[in-house]
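Chain by chain, the residues:
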Amino acid sequence: MCAIVGVYGSENAAKNAYYALFAMQHRGQESSGISTANGSKIHLVKKRGLVTDVFDEQSFDALKGRCAIGHNRYATAGNDSLFDAQPVFARYKLGEISVAHNGNLVNKNEVRNRLITRGAIFQTGMDTENIVHLIAKSQEDALINRIKDMLKKIEGAYCLAIQSRSKMFVIRDRFGIRPLSLGKLPDGGWIVASETCAFDLLGATFIRDVRPGEMLIFEEGCEPTSEQVFEPDYHPCAFEYIYFARPDSIIDGTNVYESRLVMGKRLAKEKPCDVDLVLPVPDSGVAAARGFAQGLGVPFEMAIVRNHYVGRTFIEPTQAIRNLKVKLKLSPISSLIKGKRIAIIDDSLVRGTTSRQIVKMLKEAGASEVHMRIAAPEIKYPCRYGIDTPTQTELISASQTPQEIAQKIGASSLGFLSIQGLVESLGSHRQYSLVSFDGNYFAGGSAESPGCNDLGT
Ligand code: 5GP
Ligand code: MG
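Quantities reported herein were computed from a predicted structural model and do not represent experimental measurements.

Student: Account for helix α6 (residues 143-153), with residues named and values stated.
Tutor: For α6, every residue scored as buried is listed here: Leu143, Arg146, Ile147, Asp149, Met150 and Leu151. Of the surrounding elements, those touching the buried residues of α6 are β5 (88-92), β6 (95-105), α5 (128-137), β7 (156-163), β8 (167-172) and β12 (214-219).

Written out as structure tokens, the structure reads:
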């Protein structure tokens, strides 16, 4: 999770970064920050809260310069201090530097312990600070070589925007796990962003996705240059398509909404049920539910209303608040549901908390049967590459079969999309990161190693 943006060569760099972060608010709601560079100095504004709360006109007076990088941070349990906001700014031998990072470094503890042994001090739990330290400690003369030095020492998932007082460097890890796209702004400036929905808001033209293992270098007075730092080994995160990304975004040429429709259709083929009505769990289940209803040839209704002033359910770290929040957020329309056999579609099942509440809610609204369908495979392993999945013991599918879970959440039946069904829905031409489903930690880490729950971004 988390969103990053980088703007270069734009008169309105800070404002453009701001609107991009606003469009990508769904990727992180805990804190937001922008730093700008004007050739001689880096300015930074960051705070806890939503994008619209963090920045005001005063911020933009301070955020001067034609280069801006920005970040939205996703809440992770227990670690939500102000210090964990990004970008991370530092002064070092070559001057000033600012770093924004989306992803999760799997070797962060080893790297940090090594740095600490040699006397480094840290202000936050974020792995992004490792990156700043590694750049500062490198013996290379030029920043670009210091960055390359640093890249050799980090492992895992990262999209990085690194800013000096005059340049910007953008890097995507060789697996291309998290999305990152390049676009051109109407004023001639360049923009990179986690999701293309940021471009749409700004009227920017999509150029292409940043390649796995690629570094883009932005300098005043020249076109950006590209260097392939690592051999690509492309493994885009399937969960971006399933849940994270906004439906209007396009990742690697595939529109997110359309891919969810196809997943829903495939789910109808794999796990059909005899029902009168198909409902989504809004908002993230809507596209898949449309596909499921089309696949079954059964009517679709938005019979659960969502209160949009409540954030995503996972944002609150404690179980008690999570339980309450489902009710705050979702409410059924009883007249549509009463006496009917219902199929309820959600994009994913993680802890089973939301699902249990929803089944109960639908039964109380008079549903005669509630069949739950999930447009993703069973989540059995914690992701170590930037998704805040809980520990394995909290993942309900890690220890229980669909039948057992159905009983637990009170559903008449429960069905998941198969891994093959997911891959074929997204297109078999890519090799996806499916780590939550198959436990293949191809980029390092393991089910036991600490994930982004404690230190990540
Ligand atoms: P559960 O019913 O298992 O407690 O939660 C599943 C719900 O959580 C689904 O509606 C899904 O959209 C949502 N979800 C899945 N992954 C994440 C995540 O990483 N963050 C947030 N905020 N919600 C998630
Ligand atoms: Mg949801």
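Structure shown, so let's carry the discussion forward.
Student: With reference to specific residues and values, describe the pattern of salt bridges.
Tutor: Counted under the stated rule, the structure contains 22 salt bridges. The partner of Glu394 in a salt bridge is Arg351, and the shortest N-O contact between them spans 3.3 Å. Of this pair, Glu394 sits in the loop between β20 (369-374) and α14 (396-399) while Arg351 sits in the loop between β19 (341-346) and α13 (353-364), placing them 43 residues apart in sequence. Taking relative accessible area as the criterion, Glu394 reaches 33% and is therefore assigned partly exposed. Looking at Arg351, the relative accessible area reads 17%, which means it is buried. Each of the salt bridges in this network shares a partner with another, and the network as a whole consists of Arg27, Arg178, Glu195 and Glu240.

Student: Give a detailed account of unusual backbone geometry, specifying residues and quantitative values.
Tutor: In this model, Gln86 is joined to Pro87 through a cis peptide bond whose omega is 0°. With respect to the helices, strands and loops of the structure, Pro87 is situated in the loop between β4 (67-73) and β5. Look at the link from Pro282 to Asp283: it is a cis peptide, with omega at -5°. With respect to the helices and strands, Asp283 occurs in the loop between β16 (277-280) and α10 (286-296). One non-glycine residue, Cys2, adopts positive backbone phi at about 80°. Mapped onto the secondary structure, Cys2 falls in the segment before β1 (3-8). Even without being glycine, Asp252 reaches a positive phi, approximately 50°.

Student: I'd like a description of the pairing of strand β9 (residues 181-184), backed by residues and values.
Tutor: In terms of strand pairing, β9 meets strand β11 (residues 205-209) through 4 bridges, oriented antiparallel. Bridged to Leu182 within β11 is Arg208. With 4 bridges connecting them, β9 and strand β10 (residues 190-193) associate as antiparallel partners. Along β10, the bridge assignment pairs Leu182 with Val192.

Student: Now, about a positive patch on the surface: what can you tell me, with residues and values included?
Tutor: Where like charges cluster on the molecular surface, the positive patch consists of Arg114, Arg118, Lys137 and Lys153. You can see Lys153 is positioned in helix α6.

Student: Give a detailed account of the sheet that holds strand β21 (residues 413-416), specifying residues and quantitative values.
Tutor: An order of β16-β19-β20-β21 is seen for the 4 strands of this open sheet, with the pairing classed as parallel. Edge positions in the open sheet fall to β16 and β21, since each of these has one partner strand only. Adjacent strand axes in the sheet meet at a mean angle of 20° when their direction is disregarded. Bridge analysis of β16 against β19 gives 4 bridges, and the strand direction is parallel. Its bridge partner lying in β19, Leu279 is registered against Ile344. Running at roughly 125° to β21, helix α9 (residues 256-270) makes contact with β19, β20 and β21 of the sheet. Running over the sheet, α13 touches β16, β19 and β20 and is turned about 150° from β20.

Student: Give a detailed account of the confidence of the model for the chain, specifying residues and quantitative values.
Tutor: Mean pLDDT over the chain stands at 93; residues scoring 70 or higher make up 93%. Per-residue pLDDT stays below 50 along residues 452-457; that stretch engages in 36 contacts with residues further than four places along the chain or on separate chains.

Student: An account of a nonpolar patch on the surface is needed here, citing residue identities and associated values.
Tutor: Residues Tyr19, Phe22 and Leu201 make up a contiguous nonpolar surface patch of roughly 290 Å² in combined accessible area. Position of Tyr19 among the secondary structure elements: in helix α1 (residues 13-23).

Student: Quick rundown of the side chain of Glu240? Include the residues and the values.
Tutor: For Glu240, the location among the structural elements is in helix α8 (residues 238-244). Side chain to side chain, Glu240 and Arg27 meet in a polar contact 2.8 Å long. Not counting the four nearest positions on each side in its chain, Glu240 is found in contact with Arg27, Arg178, Pro179, Ala245, Ile251, Val256 and Arg260.

Student: Now, about the packing of α9 against α10: what can you tell me, with residues and values included?
Tutor: Where α9 contacts α10, the two axes come as close as 6 Å, and the packing angle between them is 40°. With respect to α10, the axis of α9 lies oblique. Seen from above, α9 lies across α10 with right-handed handedness. Along the contact surface, α9 presents Tyr257, Arg260, Leu261, Gly264, Lys265, Leu267 and Ala268, while α10 presents Ala287, Ala288, Arg290, Gly291, Phe292, Gln294, Gly295 and Leu296. Along the lines of polarity and charge, the residues of the contact of α9 with α10 split into 8 nonpolar, 4 polar and 3 charged.

Student: Just give me the short version of the packing of aromatic side chains, but keep the residues and values in it.
Tutor: Per the counting criterion, the structure on display carries 14 aromatic pairs. A ring pair is formed by Phe55 and Phe60, whose centres lie 6.2 Å apart and whose planes are at 35°; its orientation type is tilted. Here Phe55 falls in the buried class, since its relative accessible area comes to 4%. On the numbers, 6.3 Å between centres and 40° between planes, the contact of Phe239 with Phe437 is tilted. Pair noted here: Phe239 is in helix α8 and Phe437 is in helix α17 (residues 435-438), with a separation of 198 residues, a long-range link. Both residues of the pair, Phe239 and Phe437, belong to the buried class. Put simply, the rings of Tyr74, Phe239, Tyr243, Phe244 and Phe437 pair up and form one aromatic cluster. When the ring centre of Phe122 is taken as origin, the NZ or CZ atom of Arg112, which lies over that ring, is 3.9 Å away.

The rules behind the values
Residues numbered from 1 in each chain as written. Chains lettered and ligands numbered in written order. Predicted model: local features only at pLDDT ≥ 70, side-chain atom pairs only at ≥ 80, totals over all residues. Heavy atoms only, no water. Buried < 20%, exposed > 50% of the residue type's maximum accessible area, 1.4 Å probe, protein only. Helix = DSSP H or I, 4+ residues; strand = E, 2+ residues; numbered from the N terminus. Contact = heavy atoms within 4.5 Å. Salt bridge = Lys/Arg side-chain N within 4 Å of Asp/Glu carboxyl O. Pairing = 2+ DSSP bridges. Patch = residues over 30% accessible without salt bridge, like charges linked within 9 Å, V, L, I, M, F, W, Y side chains within 5 Å. Areas by Shrake-Rupley, 256 points an atom, 1.4 Å probe, with all protein chains shown as cover. Lys, Arg positive; Asp, Glu negative; His and termini not counted. Charge placed at Lys NZ, Arg CZ, Asp CG, Glu CD. Axes fitted to C-alpha atoms, helices over the stretch in contact; angles between N-to-C directions. pLDDT = per-residue confidence, 0-100. Polar contact = N/O pair within 3.5 Å; in protein donor to acceptor, adjacent residues only side chain to side chain. Parallel < 35°, antiparallel > 145°, perpendicular 65-115°, else oblique. Left-handed = near helix turned anticlockwise from the far one by under 90°. Nonpolar A, V, L, I, M, F, W, Y, C, P; charged D, E, K, R; others polar. Phe/Tyr/Trp six-rings, centres within 6.5 Å; stacked < 30°, edge-to-face > 60°. Lys NZ or Arg CZ within 6 Å of the ring centre and 35° of its normal.

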